[in-house]
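The primary structure of each chain is shown beneath.
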Amino acid sequence: SDLFSSLAPVTSSLLVECNSQALANIAWAYAVSNVDDDSLFGKNSPFVAVCTEKANDFTSGGVSQLHQWNIWRKELTGAPSDLPPSVQQRGLQAFMSK
C-alpha cells in the first residue's frame, strides 16, 4: 500500500493523458489494494471528471472495474458516488452481466 500511496500524486497529475482502460485499471488496482488517496480520488482530483469525459469510451469490462471501485469508495468513505448516474448504471449492468 505504501507503493500505491507514493504513486498517487504522480498518477493524479497524469490522469488527463489516460485512456478509459487505463482509468479503469487505476481504479480497480487501488480498490483491490485498499488504498484511498485524496490526491487521486478526492474532491480536488480530476479522476471523476476525466472518467466522465471518457464515459462513452469504457468497454463493458472497464466500466465493470469502475463499478467495483465505486462500490469500494462508498464502503470506505460512506459518501455518495461522484460518478454520473448514467455511468453508475452502466457499470452496475456490466458487472451484473458477468
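A brief report on the enclosed structure follows. Just so we're clear, the structure is a prediction, and the values are computed from it rather than from any experiment. As a convention, each chain's residues are numbered from 1 in the sequence order in which they are written. Given that this is a predicted model, residues contribute local features only at a pLDDT of at least 70 and side-chain atom pairs are listed and counted only at 80 or more, while totals for whole chains, interfaces and linings are drawn from all residues. Just so you know, side-chain values use all the structure's heavy atoms and leave hydrogens and water out.

## Examining the packing of aromatic side chains
- Between the rings of Phe, Tyr and Trp (Trp by its six-membered ring), a pair exists once the centres lie within 6.5 Å; its type follows the angle of the planes, with under 30 degrees stacked, over 60 edge-to-face, and the other angles tilted. By the definition in use, this model includes 6 aromatic pairs.
- When the centroid spacing of 5.5 Å and the interplanar angle of 80 degrees are considered together, the rings of Tyr30 and Phe41 count as edge-to-face. Here Tyr30, found in helix α2 (residues 20–33), pairs with Phe41, found in helix α3 (residues 38–41); they are 11 residues apart in sequence, far enough to count as distant.
- Each residue is assigned to one of three classes by its accessible area relative to the maximum for its type, calculated with a 1.4 Å probe on protein chains only: buried under 20%, partly exposed between the two thresholds, exposed over 50%. Judged by relative accessible area, which is 4%, Tyr30 ranks as buried.
- Ring pairs connect the aromatic residues Phe4, Tyr30, Phe41, Phe47, Trp69 and Trp72, which therefore count as one cluster. In DSSP terms, a helix is any run of H or I states spanning at least four residues, a strand is any run of E spanning at least two, and both are numbered starting from the N terminus.

## Focus on the nonpolar core
- Buried residues of nine kinds, namely Ala, Val, Leu, Ile, Met, Phe, Trp, Tyr and Cys, make up a nonpolar core once their side-chain atoms join them within 4.5 Å. Residues Leu23, Ile26, Phe47, Leu66 and Trp69 are the most contacted members of the largest nonpolar core, which totals 25 residues.
- Elements with a contribution of two residues or more to this core: α2, α3, α4 (47–53), α5 (60–77) and α6 (85–96).
- The element that contributes the greatest number of residues to this core is α2, accounting for 6 residues.
- The criterion used for residue contact is that any of the two residues' heavy atoms lie within 4.5 Å. Not counting chain neighbours up to four residues away, the residues in contact with Leu66 comprise Ala27, Phe47, Cys51, Phe58, Leu83 and Val87.

## Let's talk about α2
- Between the first and last residue of a helix there are one fewer steps than residues, each counted as 1.5 Å, and that sum is the expected span. With 14 residues, α2 extends 20 Å between its outermost C-alpha atoms, agreeing within 8% with the 20 Å of an ideal straight helix rising 1.5 Å per residue.
- Every buried residue of α2 is listed here: Ser20, Leu23, Ala24, Ile26, Ala27, Tyr30 and Ala31. Here the buried residues of α2 occupy an arc of 160 degrees about the axis, which is enough to place them on one side.
- For the purposes of these results, a polar contact is taken to be a pair of N or O atoms within 3.5 Å, where, inside protein, one atom must be able to donate a hydrogen and its partner to accept one; residues adjacent in sequence count only when each atom of the pair is a side-chain atom. The backbone nitrogen of Gln21 lies 3.1 Å from a side-chain oxygen of the residue at the head of α2, namely Asn19.
- Where α2 ends, the next residue or the one after it, Asn34, has phi of about 55 degrees, a positive value. Here the arc refers to the set of directions running from the helix axis out to each C-beta atom.

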